[in-house]
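Structural features, examined
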Amino acid sequence: RVARSAREEARPRGGAMSSLVAKIKDIEDEMARTQINKATMGHICQLKAKLAKYKREILSDATGKGGGGAGEGFDVRSTGDARIGFVGFPSVGKSTLLTSLTDVYSEAASYEFTTLTCIPGIKYWKGAKIQLLDLPGIIEGANDGKGRGKQVIGVARTCSCIIIVLDAMKTLKQKKTIEKELEGVGIRLNKTPPNIVVKKKERGGLNLAVSTRLTQLDEDSIRTILAEYRILSADVRINCDATPDELIDVIEGNRVYMPCVYALNKIDAISMEELDILDAVPHYCPISSHHKWNLDGLMDMVFDYLNMTRVYTKPKGQMPDYTAPVIIRGTETPTVERFCKKIHRTLINDFKYAWVWGASVKHNPMRVGKAHVLKDEDVIQLVKKL
């Protein structure tokens, strides 16, 4: 009886997962059949909202309570100033790329699925300590649970930047397939969050404020999307030409926006004419991980995409320390106040002013306050209160 009850409890979980995948497939088929025009806009928006809700349920089942990439061999502790994940199909050269960039050996072979777990490595570049993760190859349908795609994508959500490794000898369909898999689990590549604010209320109905002309949304479709999420009272402010998907992303609130570089590997096997054609691909970097061609160019590109600001410290009466810069990364403005908090959260309480040398000041040195915006490779000397 105990064994039977255990089987009965386990059965609905798998059934629920398969039913979600079936529902997602039905909605995608219906969206493909439906002609897009003003008359069907509301219906299309409703289908997109339902699709996002079902995919969120699958993602929550894979990553637990909002965590990322749980599973044996995938729980790698984050370290360094940034975290880079290698994502791609099997046998595109991810393991060879990790071995070429770091001193870590990641097994590489001519057969697929050589790498079965997450293998970390460390790369020091321009003073920054960057963690590189060699992830197992994903297959089409990974966001629906095929292969180990959920664990791979779960780890990818925790990265600062993604390097999608592509095989130069194959078609660019591989690029679109991987983008679709990542988009399906809420990873937005090389995009910025839309300027949309949805503030829920207990009563008062919907208050819609639009500051620009909308070409892909109207008031009825906005109300349809909100009604699908049972949002009947809210203040909605749209400050961009938003799409239905962008409005759904804001309502879901679990999207991850990160930069992405496409590493076009195995360029030693194609001609110069083919390489010139592939040069039209945006955000791409041609490399050969086997021959170690253009790996410095790849790291330079990743460093630029990470938007890092290196700040060197100068103790009073001494030379600046150029060996260990303080790295300020992210979308926030790199002010002196943020620099102080990067060193220690209580340092700003004793801050009086700072001397700065570099591109951010008019003359060297220049006395600045905590609101001063630093630039890359500035030198700073802090002065505390007595």
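For clarity, every value in this text was computed on a predicted model and none was experimentally measured.

**Some thoughts on a negative patch on the surface**
- A cluster of like negative charges, contributed by Glu273, Glu274, Asp276 and Asp279, occupies part of the molecular surface.
- Locating Asp279 in the fold gives a position in the loop between α8 (272–278) and β11 (284–286).

**Structural notes on the sheet that holds strand β8 (residues 234–238)**
- Taken in spatial order, the 3 strands make up an open sheet running β6-β8-β7, and their pairing is mixed. With partners counted over all chains shown, the strands left at the sheet margins are β6 (196–200) and β7 (206–210), one partner each. Between one strand axis and the next, the sheet turns through 5° on average, direction left out of account.
- The sheet contact formed by β7 and β8 spans 5 bridges and is parallel.

**A short note on the sheet that holds strand β1 (residues 82–87)**
- The strand order across the open sheet built from 6 strands is β2-β3-β1-β4-β10-β11, with neighbouring strands paired in mixed fashion. Here the strands that pair on one side only, and so sit at the sheet edges, are β2 (119–125) and β11. Along the sheet, successive strands turn relative to each other by an average axial angle of 25°, direction set aside.
- Note that strand β10 (residues 260–265) and β11 share 3 bridges and pair parallel. Bridge assignment links Ala263 to a residue of β11, and that residue is Cys285.
- Taken strand by strand, helix α5 (residues 173–183) contacts β1, β4 (161–167) and β10, and its axis lies near 150° from that of β4.

**Structural notes on the state of the cysteines**
- Per the counting criterion, the structure on display carries 0 disulfides.
- Not engaged in a disulfide, the cysteine Cys159 finds its nearest cysteine sulfur in Cys118; these two sulfurs lie 7.8 Å apart.

**Focus: the packing of aromatic side chains**
- In the structure shown here, the tally under the stated rule is 2 aromatic pairs.
- Centre to centre, the rings of Tyr353 and Trp355 are 5.9 Å apart; their planes meet at 85°, and the pair counts as edge-to-face.
- When its relative accessible area of 16% is taken as the criterion, Tyr353 is described as buried.
- Assessed through its relative accessible area of 28%, Trp355 is described here as partly exposed.
- It is Lys53 that lies over the ring of Tyr229; its NZ or CZ is 5.8 Å from the centre.
- When the ring centre of Tyr353 is taken as reference, the NZ or CZ atom of Arg367 above it lies at 3.7 Å.

Cut-offs used in this document
- The residue numbers shown here count from 1 along each chain, following its written sequence.
- Totals for whole chains, interfaces and linings use every residue, but because this is a predicted model, local features are given only for residues with pLDDT of at least 70 and side-chain atom pairs only at 80 or more, for both listing and counting.
- Hydrogens and waters are ignored; side-chain quantities use all the structure's heavy atoms.
- Residues qualify for a patch when their relative accessible area is over 30% and they have no salt bridge, like charges being joined within 9 Å and the nonpolar side chains of Val, Leu, Ile, Met, Phe, Trp and Tyr within 5 Å.
- Each accessible area value is a Shrake-Rupley result obtained with a 1.4 Å probe; residue values ignore everything except the protein chains displayed when judging cover.
- What makes a salt bridge here is a side-chain nitrogen of Lys or Arg within 4 Å of a carboxyl oxygen of Asp or Glu, nothing more.
- When charges are tallied, Lys and Arg are placed among the positive residues and Asp and Glu among the negative ones, while His and the ends of the chain are skipped.
- Every charge is mapped onto a representative atom, which is NZ of Lys, CZ of Arg, CG of Asp or CD of Glu.
- In this description a helix means any DSSP run of H or I spanning at least four residues, a strand means any run of E spanning at least two, and both kinds are numbered starting from the N terminus.
- Two strands pair if DSSP finds at least two bridges between them.
- Orientation is described by axes fitted as lines to C-alpha atoms, over the contacting stretch for helices, and by angles from 0 to 180 degrees between their N-to-C directions.
- Only heavy atoms matter for contacts: two residues are in contact if any of them lie within 4.5 Å across the pair.
- Note on disulfides: each one is a pair of cysteine sulfur atoms within 2.5 Å.
- Pairing of aromatic rings covers Phe, Tyr and Trp, the last counted by its six-membered ring, and requires centre-to-centre distances within 6.5 Å; plane angles under 30 degrees mean stacked, over 60 mean edge-to-face, and any other angle means tilted.
- Note on classification: 1.4 Å probe, protein chains only; a residue is buried when its accessible area is under 20% of the maximum for its type, exposed when over 50%, partly exposed between these limits.
- Definition used: whenever NZ (Lys) or CZ (Arg) falls within 6 Å of the ring centre and also within 35 degrees of the ring normal, the charge is taken to sit over that ring.

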